[in-house]
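Chain and residue survey
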Amino acid sequence: LYLYDYCLKNNIILVEYNASNTKLLEMIHLNPDKIKLRHKEEVAPYFVVIASIPEARGKRINRGLLETSFDILRSEDINFVILLPINAGIYKPYDFEFCYYKHVYKLPLNKFALSDNDSSFSISHKNILVKEDYQDIYSSFGKDHDGMAIRTDFQWEKLLAVQQLEGVQGAIVKKADKSIGYMFYLIENRVFNIIELITTDVEAKKALLKFATNHRVNVDEIYWEATADDKTYLDFADASLTGTLKPFMMARCINAREVLNTYKVPADCPDCSFNILISDDLIRLNNHLLKVEVKAGQLTISTTTDKEDVAMKISAFTQIYFGAFTAEELAHEGRIKFTDSNVIEALTKLFPKCNNYINEYF
(Lines give C-alpha, C1' and ligand atoms only; values in the text may rest on other atoms or scores of the structure.)
Protein backbone atom coordinates (compact mmCIF):
# COMPACT_ATOMS: atom_id res chain seq x y z
CA LEU A 1 0.00 0.00 0.00
CA TYR A 2 2.71 2.51 0.99
CA LEU A 3 4.89 1.81 -2.06
CA TYR A 4 2.28 1.71 -4.80
CA ASP A 5 -0.60 3.85 -3.54
CA TYR A 6 1.40 6.55 -1.80
CA CYS A 7 5.15 6.60 -2.25
CA LEU A 8 5.46 6.34 -6.03
CA LYS A 9 2.62 8.80 -6.63
CA ASN A 10 3.06 11.47 -4.00
CA ASN A 11 6.57 11.92 -2.65
CA ILE A 12 10.15 12.62 -3.63
CA ILE A 13 12.80 9.90 -3.46
CA LEU A 14 16.48 10.85 -3.33
CA VAL A 15 19.12 8.16 -3.83
CA GLU A 16 22.89 7.89 -3.66
CA TYR A 17 24.92 5.46 -5.77
CA ASN A 18 28.53 4.36 -5.59
CA ALA A 19 31.21 6.07 -7.70
CA SER A 20 30.52 3.88 -10.74
CA ASN A 21 26.73 4.30 -10.45
CA THR A 22 26.29 0.53 -10.29
CA LYS A 23 25.04 0.08 -6.74
CA LEU A 24 22.39 1.90 -4.74
CA LEU A 25 23.92 2.88 -1.39
CA GLU A 26 21.24 4.93 0.31
CA MET A 27 17.85 6.58 -0.15
CA ILE A 28 15.54 9.09 1.52
CA HIS A 29 11.80 9.42 0.96
CA LEU A 30 10.36 12.92 1.43
CA ASN A 31 6.65 12.62 2.15
CA PRO A 32 4.95 16.00 1.51
CA ASP A 33 3.18 16.48 4.84
CA LYS A 34 1.79 19.66 6.39
CA ILE A 35 1.64 20.56 10.06
CA LYS A 36 -0.04 23.32 12.07
CA LEU A 37 2.85 25.09 13.75
CA ARG A 38 2.10 28.01 16.08
CA HIS A 39 -1.36 28.36 14.52
CA LYS A 40 0.15 28.56 11.04
CA GLU A 41 0.13 25.96 8.28
CA GLU A 42 3.64 24.80 7.35
CA VAL A 43 4.76 22.33 4.71
CA ALA A 44 7.08 20.03 6.66
CA PRO A 45 8.25 17.04 4.62
CA TYR A 46 8.37 13.85 6.63
CA PHE A 47 11.70 12.05 6.08
CA VAL A 48 10.96 8.31 5.98
CA VAL A 49 12.72 5.20 4.69
CA ILE A 50 16.15 6.68 5.34
CA ALA A 51 18.00 3.50 4.49
CA SER A 52 21.54 2.36 3.69
CA ILE A 53 22.88 -0.97 2.50
CA PRO A 54 24.78 -2.81 5.30
CA GLU A 55 28.28 -2.10 3.99
CA ALA A 56 27.56 1.64 3.79
CA ARG A 57 26.33 2.05 7.35
CA GLY A 58 28.37 3.91 9.94
CA LYS A 59 30.30 5.90 7.33
CA ARG A 60 28.22 9.07 7.51
CA ILE A 61 27.70 9.05 3.73
CA ASN A 62 24.19 10.36 4.28
CA ARG A 63 25.49 13.89 4.92
CA GLY A 64 25.63 14.61 1.19
CA LEU A 65 22.16 13.22 0.66
CA LEU A 66 20.79 15.36 3.50
CA GLU A 67 22.49 18.46 2.09
CA THR A 68 20.92 17.79 -1.31
CA SER A 69 17.52 17.27 0.32
CA PHE A 70 17.79 20.55 2.20
CA ASP A 71 18.92 22.46 -0.91
CA ILE A 72 15.89 21.18 -2.84
CA LEU A 73 13.47 21.99 -0.04
CA ARG A 74 14.86 25.49 0.60
CA SER A 75 14.48 26.25 -3.11
CA GLU A 76 10.79 25.39 -2.70
CA ASP A 77 10.41 27.77 0.29
CA ILE A 78 10.10 24.94 2.81
CA ASN A 79 11.42 25.77 6.27
CA PHE A 80 11.11 22.59 8.36
CA VAL A 81 11.48 18.82 8.11
CA ILE A 82 10.38 16.12 10.55
CA LEU A 83 11.28 12.47 11.08
CA LEU A 84 10.56 9.56 13.41
CA PRO A 85 13.96 8.10 14.36
CA ILE A 86 14.77 4.48 15.04
CA ASN A 87 17.96 5.75 16.68
CA ALA A 88 18.13 9.46 17.54
CA GLY A 89 21.92 9.31 17.65
CA ILE A 90 22.01 8.97 13.87
CA TYR A 91 20.33 12.36 13.39
CA LYS A 92 21.53 14.46 16.31
CA PRO A 93 24.89 15.17 14.57
CA TYR A 94 22.84 16.79 11.79
CA ASP A 95 20.96 19.01 14.28
CA PHE A 96 17.67 17.15 14.35
CA GLU A 97 16.15 17.36 17.84
CA PHE A 98 13.06 16.01 19.57
CA CYS A 99 10.12 18.39 19.40
CA TYR A 100 7.36 15.88 20.24
CA TYR A 101 6.95 13.65 23.27
CA LYS A 102 4.28 11.19 24.43
CA HIS A 103 3.10 10.07 27.84
CA VAL A 104 3.21 6.25 27.81
CA TYR A 105 0.97 4.06 29.96
CA LYS A 106 1.67 0.32 30.15
CA LEU A 107 -0.23 -1.31 32.97
CA PRO A 108 -2.40 -4.28 33.91
CA LEU A 109 -6.02 -3.86 32.96
CA ASN A 110 -7.20 -4.30 36.55
CA LYS A 111 -4.94 -1.41 37.64
CA PHE A 112 -6.45 1.04 35.15
CA ALA A 113 -8.85 2.42 37.73
CA LEU A 114 -10.63 5.68 36.93
CA SER A 115 -13.01 7.87 38.89
CA ASP A 116 -16.67 7.70 37.92
CA ASN A 117 -17.47 9.51 34.72
CA ASP A 118 -20.60 11.16 33.33
CA SER A 119 -23.11 8.41 32.49
CA SER A 120 -24.69 10.48 29.71
CA PHE A 121 -21.95 9.44 27.27
CA SER A 122 -22.54 6.60 24.80
CA ILE A 123 -19.97 4.54 22.89
CA SER A 124 -20.44 3.14 19.40
CA HIS A 125 -18.07 0.49 18.06
CA LYS A 126 -16.79 0.63 14.46
CA ASN A 127 -15.33 -2.28 12.49
CA ILE A 128 -15.27 -0.27 9.27
CA LEU A 129 -13.30 2.98 9.51
CA VAL A 130 -14.44 5.95 7.40
CA LYS A 131 -12.96 9.44 7.63
CA GLU A 132 -16.31 11.22 8.06
CA ASP A 133 -16.59 9.69 11.55
CA TYR A 134 -13.31 11.18 12.76
CA GLN A 135 -12.04 14.19 10.84
CA ASP A 136 -14.18 16.86 12.55
CA ILE A 137 -13.20 15.57 16.01
CA TYR A 138 -9.53 15.60 15.00
CA SER A 139 -9.83 19.19 13.76
CA SER A 140 -11.46 20.31 17.02
CA PHE A 141 -8.68 18.65 19.01
CA GLY A 142 -6.16 20.58 16.89
CA LYS A 143 -7.43 23.92 18.20
CA ASP A 144 -5.73 23.20 21.54
CA HIS A 145 -2.62 21.44 20.21
CA ASP A 146 0.28 22.50 18.02
CA GLY A 147 2.51 20.66 15.62
CA MET A 148 -0.34 18.43 14.49
CA ALA A 149 -0.38 16.89 11.03
CA ILE A 150 -2.96 18.45 8.74
CA ARG A 151 -4.87 15.41 7.49
CA THR A 152 -6.37 15.96 4.06
CA ASP A 153 -8.97 13.57 2.64
CA PHE A 154 -6.10 11.70 1.00
CA GLN A 155 -4.17 11.50 4.29
CA TRP A 156 -7.23 10.17 6.11
CA GLU A 157 -7.90 7.57 3.44
CA LYS A 158 -4.26 6.42 3.55
CA LEU A 159 -4.26 6.25 7.35
CA LEU A 160 -7.55 4.37 7.65
CA ALA A 161 -6.70 1.95 4.84
CA VAL A 162 -3.51 0.92 6.66
CA GLN A 163 -5.37 0.57 9.95
CA GLN A 164 -8.06 -1.61 8.36
CA LEU A 165 -5.37 -3.90 6.95
CA GLU A 166 -3.82 -4.20 10.41
CA GLY A 167 -7.13 -5.01 12.09
CA VAL A 168 -7.50 -1.71 13.96
CA GLN A 169 -11.00 -0.98 15.27
CA GLY A 170 -12.72 2.26 16.20
CA ALA A 171 -14.87 3.55 19.06
CA ILE A 172 -16.73 6.86 19.02
CA VAL A 173 -18.01 8.60 22.13
CA LYS A 174 -21.15 10.71 21.85
CA LYS A 175 -23.13 13.03 24.08
CA ALA A 176 -26.61 14.13 23.06
CA ASP A 177 -26.03 12.38 19.72
CA LYS A 178 -22.98 14.54 19.01
CA SER A 179 -19.63 12.81 18.38
CA ILE A 180 -17.01 14.39 20.64
CA GLY A 181 -14.20 11.85 20.72
CA TYR A 182 -12.82 8.68 19.21
CA MET A 183 -10.34 5.91 19.81
CA PHE A 184 -8.51 3.63 17.39
CA TYR A 185 -7.41 0.40 19.06
CA LEU A 186 -5.96 -3.02 18.34
CA ILE A 187 -6.26 -6.08 20.60
CA GLU A 188 -3.25 -8.32 20.13
CA ASN A 189 -1.63 -10.92 22.40
CA ARG A 190 -4.08 -9.96 25.17
CA VAL A 191 -2.94 -6.32 25.06
CA PHE A 192 -5.40 -3.50 24.38
CA ASN A 193 -3.27 -1.12 22.28
CA ILE A 194 -4.72 2.37 22.05
CA ILE A 195 -3.45 3.61 18.67
CA GLU A 196 -5.02 7.08 18.90
CA LEU A 197 -7.40 8.66 21.40
CA ILE A 198 -8.71 12.09 20.45
CA THR A 199 -11.22 14.19 22.36
CA THR A 200 -11.46 17.69 23.81
CA ASP A 201 -13.56 16.59 26.79
CA VAL A 202 -11.94 14.89 29.79
CA GLU A 203 -15.13 12.99 30.67
CA ALA A 204 -15.38 11.73 27.10
CA LYS A 205 -11.78 10.52 27.41
CA LYS A 206 -12.69 8.63 30.58
CA ALA A 207 -15.69 7.06 28.80
CA LEU A 208 -13.41 5.73 26.07
CA LEU A 209 -10.93 4.40 28.62
CA LYS A 210 -13.78 2.73 30.53
CA PHE A 211 -14.73 1.08 27.24
CA ALA A 212 -11.17 -0.26 27.02
CA THR A 213 -11.25 -1.66 30.56
CA ASN A 214 -14.47 -3.56 29.78
CA HIS A 215 -12.48 -6.01 27.63
CA ARG A 216 -11.48 -8.17 30.59
CA VAL A 217 -12.29 -11.47 28.89
CA ASN A 218 -9.63 -11.11 26.20
CA VAL A 219 -7.28 -8.42 27.57
CA ASP A 220 -4.73 -8.42 30.42
CA GLU A 221 -2.90 -5.16 29.75
CA ILE A 222 -3.41 -1.68 28.30
CA TYR A 223 -0.78 0.18 26.28
CA TRP A 224 -1.39 3.81 25.38
CA GLU A 225 0.87 6.56 24.06
CA ALA A 226 -1.09 9.61 25.19
CA THR A 227 -0.40 13.29 24.64
CA ALA A 228 2.63 14.57 26.53
CA ASP A 229 0.43 16.67 28.80
CA ASP A 230 -2.02 13.87 29.67
CA LYS A 231 -3.02 13.72 33.36
CA THR A 232 -5.05 10.49 33.47
CA TYR A 233 -2.58 9.17 36.06
CA LEU A 234 -4.06 11.57 38.63
CA ASP A 235 -6.87 9.02 39.03
CA PHE A 236 -4.51 6.12 39.78
CA ALA A 237 -4.21 4.91 43.36
CA ASP A 238 -0.86 3.25 42.60
CA ALA A 239 1.72 6.00 41.97
CA SER A 240 4.12 3.50 40.37
CA LEU A 241 1.77 3.36 37.37
CA THR A 242 2.11 7.06 36.54
CA GLY A 243 3.77 6.25 33.21
CA THR A 244 6.82 7.57 31.39
CA LEU A 245 7.67 10.35 28.96
CA LYS A 246 8.76 9.02 25.56
CA PRO A 247 10.61 11.07 22.92
CA PHE A 248 8.69 10.65 19.68
CA MET A 249 9.26 12.91 16.66
CA MET A 250 12.33 14.95 15.72
CA ALA A 251 12.36 18.15 13.69
CA ARG A 252 14.84 20.52 12.06
CA CYS A 253 14.62 24.10 10.80
CA ILE A 254 16.33 24.55 7.44
CA ASN A 255 15.63 28.27 6.95
CA ALA A 256 15.73 30.20 10.23
CA ARG A 257 15.71 33.67 8.71
CA GLU A 258 12.58 33.02 6.70
CA VAL A 259 10.60 31.70 9.68
CA LEU A 260 11.60 34.77 11.68
CA ASN A 261 10.60 37.05 8.79
CA THR A 262 7.07 35.61 8.79
CA TYR A 263 6.66 35.02 12.54
CA LYS A 264 3.54 36.36 14.25
CA VAL A 265 4.40 37.85 17.64
CA PRO A 266 2.28 36.57 20.58
CA ALA A 267 -0.21 39.13 21.89
CA ASP A 268 1.41 39.37 25.35
CA CYS A 269 5.01 39.70 24.13
CA PRO A 270 6.57 42.98 25.34
CA ASP A 271 8.82 45.20 23.23
CA CYS A 272 12.43 43.97 23.18
CA SER A 273 15.62 44.08 21.14
CA PHE A 274 18.61 41.73 21.04
CA ASN A 275 21.24 40.22 18.73
CA ILE A 276 21.02 36.50 18.11
CA LEU A 277 23.64 34.18 16.64
CA ILE A 278 22.27 31.01 15.03
CA SER A 279 24.82 28.44 13.86
CA ASP A 280 24.32 25.53 11.46
CA ASP A 281 27.18 23.16 10.60
CA LEU A 282 25.31 21.51 7.74
CA ILE A 283 23.55 24.37 5.91
CA ARG A 284 25.92 27.26 5.29
CA LEU A 285 23.10 29.65 4.36
CA ASN A 286 21.43 28.95 7.70
CA ASN A 287 24.12 30.71 9.76
CA HIS A 288 22.97 34.12 10.93
CA LEU A 289 23.87 37.00 13.23
CA LEU A 290 20.66 38.99 13.41
CA LYS A 291 19.25 41.96 15.24
CA VAL A 292 15.75 41.04 16.45
CA GLU A 293 13.36 43.81 17.44
CA VAL A 294 9.79 43.60 18.71
CA LYS A 295 7.86 46.84 18.81
CA ALA A 296 4.11 47.26 19.19
CA GLY A 297 3.57 43.60 18.37
CA GLN A 298 5.63 43.66 15.17
CA LEU A 299 8.87 41.73 14.69
CA THR A 300 11.65 42.98 12.43
CA ILE A 301 15.02 41.36 11.81
CA SER A 302 18.16 42.66 10.15
CA THR A 303 21.71 41.51 9.65
CA THR A 304 24.15 42.98 12.14
CA THR A 305 27.88 42.94 12.86
CA ASP A 306 27.43 43.78 16.55
CA LYS A 307 28.28 41.24 19.21
CA GLU A 308 25.60 38.67 19.94
CA ASP A 309 23.52 38.77 23.12
CA VAL A 310 22.42 35.17 22.76
CA ALA A 311 23.81 32.22 20.77
CA MET A 312 22.40 28.81 19.89
CA LYS A 313 22.69 25.98 17.40
CA ILE A 314 19.93 25.50 14.86
CA SER A 315 18.77 22.46 16.87
CA ALA A 316 17.97 24.66 19.90
CA PHE A 317 16.31 27.26 17.66
CA THR A 318 14.10 24.50 16.22
CA GLN A 319 13.03 23.39 19.69
CA ILE A 320 12.08 26.87 20.92
CA TYR A 321 10.29 27.66 17.65
CA PHE A 322 8.27 24.43 17.90
CA GLY A 323 7.64 25.29 21.55
CA ALA A 324 8.94 21.93 22.74
CA PHE A 325 10.99 23.81 25.34
CA THR A 326 11.32 27.44 26.35
CA ALA A 327 14.49 29.46 25.96
CA GLU A 328 14.75 29.48 29.78
CA GLU A 329 14.68 25.69 29.91
CA LEU A 330 17.33 25.27 27.20
CA ALA A 331 19.52 28.00 28.70
CA HIS A 332 19.36 26.18 32.03
CA GLU A 333 20.67 23.06 30.25
CA GLY A 334 23.49 25.00 28.60
CA ARG A 335 22.01 24.67 25.11
CA ILE A 336 21.61 28.43 24.75
CA LYS A 337 24.41 30.84 25.68
CA PHE A 338 23.60 34.39 26.76
CA THR A 339 25.13 37.53 28.25
CA ASP A 340 21.97 38.98 29.80
CA SER A 341 19.16 37.03 31.48
CA ASN A 342 16.68 39.64 30.21
CA VAL A 343 17.30 38.36 26.69
CA ILE A 344 16.35 34.82 27.74
CA GLU A 345 13.20 36.19 29.33
CA ALA A 346 12.38 38.05 26.11
CA LEU A 347 12.96 34.92 24.00
CA THR A 348 10.72 32.90 26.30
CA LYS A 349 7.89 35.41 25.84
CA LEU A 350 8.52 35.63 22.10
CA PHE A 351 8.40 31.82 21.71
CA PRO A 352 6.11 30.47 24.46
CA LYS A 353 5.82 26.77 25.10
CA CYS A 354 3.36 24.80 22.94
CA ASN A 355 1.31 21.68 23.53
CA ASN A 356 2.62 19.57 20.65
CA TYR A 357 1.03 16.37 19.38
CA ILE A 358 1.57 14.27 16.28
CA ASN A 359 0.71 10.63 15.59
CA GLU A 360 1.87 9.93 12.04
CA TYR A 361 4.09 6.97 11.16
CA PHE A 362 4.62 7.50 7.40
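Throughout what follows, the structure given in this document is the object of discussion. Model, not experiment: these values are computed from the prediction.

With that settled, the discussion passes to the nonpolar core. With 65 residues, the main nonpolar core has Phe-274, Phe-317, Ile-336 and Leu-350 as its most contacted residues. Take this core: its biggest share by element is 6 residues, from helix H7 (residues 314–322). Setting aside anything within four residues of it in sequence, one finds Ile-336 in contact with Val-310, Ala-311, Met-312, Ala-316, Ile-320, Ala-327, Leu-330, Ala-331 and Ile-344.

With that out of the way, let us pick up the pairing of strand S20 (residues 310–313). Relative to S20, strand S17 (residues 272–279) is paired through 4 bridges, and the arrangement is parallel. Its bridge partner lying in S20, Leu-277 is registered against Ala-311. In this structure, S20 lies alongside strand S21 (residues 336–338), joined through 3 bridges in antiparallel fashion. Residue pairing in the sheet places Val-310 in a bridge with Phe-338 of S21.

What follows is about helix H9 (residues 341–350). Listed in full, the buried residues belonging to H9 are Val-343, Ile-344, Ala-346, Leu-347, Thr-348 and Leu-350. One side-chain oxygen of the residue at the start of H9 lies 2.9 Å from the amide nitrogen of Asn-342, identifying that residue as Asp-340.

The next point concerns the state of the cysteines. Note on terminology: disulfide describes a covalent bond linking the sulfur atoms of two cysteines. Under the counting rule described, the total for this entry stands at 0 disulfides. For Cys-272, which is in no disulfide, the shortest distance to another cysteine sulfur is to Cys-269 and amounts to 4.9 Å. On the basis of relative accessibility, which here comes to 16%, the residue Cys-272 falls in the buried class.

Our focus in this paragraph is the side chain of Gln-135. Residue placement: Gln-135 occurs in helix H3 (residues 135–141). A polar side-chain atom of Gln-135 sits 3.5 Å from a polar atom in the side chain of Asp-153. The contact partners of Gln-135, leaving out residues within four places of it in the chain, are Asp-153 and Trp-156.

What follows deals with the pattern of salt bridges. Using the criterion set out here, one finds 21 salt bridges in the structure. Measuring nitrogen to oxygen at the nearest pair gives 2.8 Å for the salt bridge that ties Lys-92 to Glu-97. We classify Lys-92 as partly exposed; its relative accessible area is 35%. Note that Lys-246 is salt-bridged to Glu-225, the shortest N-O span being 2.6 Å. Taken as a pair, Lys-246 in strand S15 (residues 244–247) and Glu-225 in strand S14 (residues 221–227) lie far apart in primary sequence, 21 residues in all. What makes Glu-225 buried here is its relative accessible area of 12%. Overlapping salt bridges, with partners in common, bring together Asp-95, Arg-252, Asp-280 and Lys-313 in one network.

A full pass over the atoms with the stated rule returns 25 aromatic pairs. On the numbers, 5.9 Å between centres and 75° between planes, the contact of Tyr-105 with Phe-236 is edge-to-face. With a gap of 131 residues between them, Tyr-105 in strand S8 (residues 101–108) and Phe-236 in the loop between S14 and S15 connect regions that are remote in the sequence. Taken individually, Tyr-105 and Phe-236 each receive the classification buried, so the pair is uniform in this respect. Here Tyr-134 and Tyr-182 contribute two aromatic rings whose centre-to-centre distance is 5.0 Å and whose plane-to-plane angle is 70°, an arrangement assigned as edge-to-face. In this pair, Tyr-134 is assigned in the loop between strand S9 (121–126) and H3 and Tyr-182 in strand S12 (residues 178–188), connecting sequence segments 48 residues apart. With a relative accessible area of 0%, Tyr-134 lands in the buried category. What makes Tyr-182 buried here is its relative accessible area of 0%. The rings of Phe-80, Tyr-100, Tyr-263, Phe-317, Tyr-321, Phe-322 and Phe-351 are connected pair by pair, giving a single aromatic cluster.

Taking strand neighbours across the sheet as the criterion, the 7 strands line up as S9-S11-S12-S13-S14-S8-S15 in an open arrangement whose pairing is mixed. Strands at the two margins of the open sheet, each flanked by one partner only, are S9 and S15. Strand-to-strand twist in this sheet, taken as the mean axis angle between neighbours without regard to direction, amounts to 25°. Pairing analysis gives 4 bridges linking S8 to S15, with the strands arranged antiparallel. Note on S15: the bridge partner recorded for His-103 is Leu-245.

With the exception of glycine, most residues fall at negative phi, and the peptide bonds are largely trans. With a phi angle near 60°, Asp-77 is a residue other than glycine that sits in the positive phi range. By the element assignment, Asp-77 lies in the loop between helix H2 (62–75) and strand S6 (80–83). A residue is classified by how much of its surface remains accessible, and Asp-77, at 65% relative accessible area, is exposed. Phi is positive for Ala-176, close to 55°, though the residue is something other than glycine. A relative accessible area of 73% means that Ala-176 is categorised as exposed.

Rules and cut-offs
Residues numbered from 1 in each chain as written. Predicted model: local features only at pLDDT ≥ 70, side-chain atom pairs only at ≥ 80, totals over all residues. Heavy atoms only, no water. Core = buried A, V, L, I, M, F, W, Y, C linked by side-chain atoms within 4.5 Å. Buried < 20%, exposed > 50% of the residue type's maximum accessible area, 1.4 Å probe, protein only. Helix = DSSP H or I, 4+ residues; strand = E, 2+ residues; numbered from the N terminus. Contact = heavy atoms within 4.5 Å. Pairing = 2+ DSSP bridges. Polar contact = N/O pair within 3.5 Å; in protein donor to acceptor, adjacent residues only side chain to side chain. Disulfide = S-S within 2.5 Å. Salt bridge = Lys/Arg side-chain N within 4 Å of Asp/Glu carboxyl O. Phe/Tyr/Trp six-rings, centres within 6.5 Å; stacked < 30°, edge-to-face > 60°. Axes fitted to C-alpha atoms, helices over the stretch in contact; angles between N-to-C directions.

Fair warning: the whole summary comes from geometry, so function is off the table for now.
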